[in-house]
Amino acid sequence: MCQPLPSVSEITSLQIDLVDLWHREDIGKPAEGLMGLVFSNHEFNFRLWHQEDIARSPTVSDSEIADVKRAIDRLNQARNDMIEKIDDEITRWLKEQGVEANDKPINTETAGSAVDRLSIMSLRLYHYQEDSERDDVDDQHRAKVRGRIELCEAQHADLSNSLQELLNDLVAGSKQHKTYRQMKMYNDPSLNPEIYKGDG
C-alpha cells in the first residue's frame, strides 16, 4: 500500500530539528522516500548557507573565494536537482494513487520549491536566534534581530499553510502538478560559451 504524503508540519519539524542537530553533529544518513529527498535538499541548503558566509568574509583570500564559489555552484546545482526530485516523487505518488488533474489550474510555485523555501527559512530562523544570543551586541541590535525573527516566523507559518493547502489540492485532484526543470545553462559545458569556446 502506498504511504501517504507527509504533512507540512512533519517536513518543517524535520528541517528545524536537523538545523539544530547539524550544528552539533555530523550530517547522518537521510530518511527514505520523499522525506529522504527533503533531507537531502535541506543538507545542500545547510552547506550552501555556510559557504555563503565564508564568501563574504573580508579576511578570506582570493584563492579561497574561488574555491568557495565553485563549492557554491556545485551545491546550488545539487539543491535545484533535489527540488526537481521532490516534485518528481510527488508526481509518482499522485500517479500511483490514480489522481488525474490534467485540466485543473497549476500553482505558481511547485511543492518542491516551497519545501526548498521552508528549508532556507528554517536556517534563517536558527541563525537569527543564534545572533540574538550574542554577548557582543547591544540592546538595539537584539531588538532589530527579534523583529526579524517575528517576521520570519510569520512568513514561515504563512508558507507552511499555503504548502499544506497545495498538497491537499493535489491529492484531491483540484490542482495540477508538474515538475519544472531548472535547465541551468551556465552549468552545462555544451551551452556555456565560456566553457565550450575554451581558449579558442
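Criteria and cut-off values
Residues numbered from 1 in each chain as written. Predicted model: local features only at pLDDT ≥ 70, side-chain atom pairs only at ≥ 80, totals over all residues. Heavy atoms only, no water. Helix = DSSP H or I, 4+ residues; strand = E, 2+ residues; numbered from the N terminus. Buried < 20%, exposed > 50% of the residue type's maximum accessible area, 1.4 Å probe, protein only. Contact = heavy atoms within 4.5 Å. Areas by Shrake-Rupley, 256 points an atom, 1.4 Å probe, with all protein chains shown as cover. Lys, Arg positive; Asp, Glu negative; His and termini not counted. Charge placed at Lys NZ, Arg CZ, Asp CG, Glu CD. Salt bridge = Lys/Arg side-chain N within 4 Å of Asp/Glu carboxyl O. Phe/Tyr/Trp six-rings, centres within 6.5 Å; stacked < 30°, edge-to-face > 60°.

A.B. asks: I tried to follow the overall build of the chain on my own but got confused; where do I start?
C.D. replies: A tally of regular secondary structure across the chain gives six helices and zero strands. Counted from the first residue to the last, the chain has its helices and strands arranged as α-α-α-α-α-α. Projected onto its principal axes, the C-alpha coordinates of the chain cover approximately 55 × 55 × 30 Å. Counting the 200 residues in the chain, one finds 38% classified as buried. Contacts in the chain between residues far apart in sequence, at least 24 positions, make up 75% of those at least 6 positions apart. Summed over its atoms, the accessible surface of the chain is roughly 12300 Å², and 49% of this surface lies on carbon and sulfur atoms. Across the chain, the mean location of the 24 positive side-chain charges is 4 Å away from that of the 38 negative side-chain charges.

A.B. asks: Please explain the pattern of salt bridges as it appears in this structure.
C.D. replies: Should their charged atoms come close, side chains of opposite charge can pair. Taken as a whole and assessed by the stated rule, the structure comprises 16 salt bridges. Across the salt bridge formed by Arg181 and Asp88, the nearest N and O atoms sit 3.0 Å from each other. Residue Arg181 is located in the loop between helix H5 (139-172) and helix H6 (193-196), and its partner Asp88 is located in helix H3 (residues 62-97); the two are separated by 93 residues in the primary sequence. Residue Arg181 is classed as partly exposed on the basis of its relative accessible area, which comes to 42%. Given a relative accessible area of 30%, Asp88 falls into the partly exposed group. Note that Arg134 and Asp131 form a salt bridge whose closest N and O atoms lie 2.9 Å from each other. A residue is classified by how much of its surface remains accessible, and Arg134, at 31% relative accessible area, is partly exposed. Each of Glu84, Asp88 and Arg181 takes part in one network of salt bridges that share partners.

A.B. asks: Whenever I open this one, the packing of aromatic side chains confuses me. Can you help?
C.D. replies: The description of an aromatic ring pair rests on the distance of the ring centres and on the angle between the ring planes. All chains considered together, the criterion is met by two aromatic pairs. A ring pair is formed by Trp22 and Phe39, whose centres lie 5.3 Å apart and whose planes are at 80°; its orientation type is edge-to-face. You can see Trp22 sitting in helix H1 (residues 8-22) and its partner Phe39 sitting in helix H2 (residues 33-55), a full 17 residues away along the chain. You'll find Trp22 and Phe39 in the same group, each marked buried. Each ring, one from Trp22 and one from Phe46, has its centre 5.3 Å from the other, and the planes form 70°; the classification is edge-to-face. A residue pair is termed long-range when its members are at least 10 positions apart, and Trp22 in helix H1 and Phe46 in helix H2 qualify at 24 residues.

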